[in-house]
Amino acid sequence: MAAPKIDRAALNDAAGPLLFVNATIHTLDPVIGDIETADLMLAGDKIAGVGPGLHTAAGDDGATVVDCSGLSIVPIAGLSTLAPGSPATFAVIDTHGRNAWEYVIWRPEHAVLVVVDGISRATASSSAVPVARRRPADSPYVGMWIDESGFLHQELTPDGRYDETRGGRPHAYQGSFWIDGNRIVYLDDLGFWAYGEFLDGVLHHAGYILHRAPQERS
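In this report, we go over the structure that sits alongside the text. (Residues numbered from 1 in each chain as written. Predicted model: local features only at pLDDT ≥ 70, side-chain atom pairs only at ≥ 80, totals over all residues. Heavy atoms only, no water.)

As for unusual backbone geometry
Trans is the common state for peptide bonds, and a negative phi is the common state for residues other than glycine. Our working definition: Strands here are runs of E lasting at least two residues and helices are runs of H or I lasting at least four, both read from the DSSP assignment and numbered beginning at the N terminus. Three labels apply to residues, based on accessible area from a 1.4 Å probe with only protein chains included: buried if under 20% of the type maximum, exposed if over 50%, partly exposed otherwise in between.
Look at Thr 37: it is not a glycine, yet its phi comes out positive at around 50°. With respect to the helices and strands, Thr 37 occurs in strand E2 (residues 34–43). For Thr 37, a relative accessible area of 54% gives the class exposed. Even without glycine at this site, Asp 117 takes up a positive phi of about 50°. One can find Asp 117 in the loop between strand E7 (111–116) and strand E8 (119–121). On the basis of relative accessibility, which here comes to 43%, the residue Asp 117 falls in the partly exposed class.

Quick look at the structure:
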């Protein structure tokens, strides 16, 4: 069964709240978790509600209903959750599975719709998908990280840039990074997105396990 088409222009002209229904919603919220056949209601640039059954009050609220049957809704780049009160910044993805939200990083062409602060965008390309929240560059994770084999050196600098040395080859990858909680998202200068997680003081990124390099004493 083909996924329904979504009229992006009509969404921005809607008078009432937007209500996305019948989707698999990956909230990335540890309490709410993933919800199948669920609804997501917006109130301007914020999420008003998430879960099954919201569509039953669509008429009362004058909501514009968007059928997302066969689609998944995911936070953009994993930097926010889809819990009530969170920014209405997410992607509607034509795929399923536990890690469907990762497709907005690795396979942006799977995005049917991108919504940023409650306003729909045309595409999920790297030029159109902003990071939901930019954190200050004085993060405690700024510094040099080295994987267990010594092959990968990744430097996170205070100006929000990263620089990787791979197998002794300097500047193998360079770009911008953002940190929210224990998650880090990278936007490489080549245009692709990547992500990692800090767990117990260790950086897990693209199959590598990196440890913080000892800081030099002045």
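Brief notes about the packing of aromatic side chains
What counts, and what does not: Under the pairing criterion, centres of Phe, Tyr and Trp rings, with the six-membered ring standing for Trp, must be within 6.5 Å; the plane angle then separates stacked pairs below 30 degrees from edge-to-face pairs above 60, leaving the rest tilted.
According to the stated counting rule, one finds six aromatic pairs in the structure shown. Taken together, a centroid distance of 6.4 Å and an interplanar angle of 50° make the contact between Tyr 141 and Trp 145 tilted. We classify Tyr 141 as partly exposed; its relative accessible area is 22%. Ring centres 5.0 Å apart and planes at 80° place the aromatic pair Tyr 162 and Tyr 186 in the edge-to-face group. One end of the pair, Tyr 162, is in strand E11 (residues 161–166); the other, Tyr 186, is in strand E13 (residues 183–188), and 24 residues separate them in sequence. Take Tyr 162: its relative accessible area is 4%, and that puts it in the buried class. Put simply, the rings of Tyr 141, Trp 145 and Phe 198 touch in pairs and so form one group of aromatic residues.

Things to note about the environment of Val 114
As for its position among the elements, Val 114 is in strand E7. Using a relative accessible area of 1% as the deciding quantity, one classes Val 114 as buried. In this structure the C-alpha to C-alpha distance between Val 114 and Val 74, which are 40 residues apart in sequence, comes to 9.7 Å.

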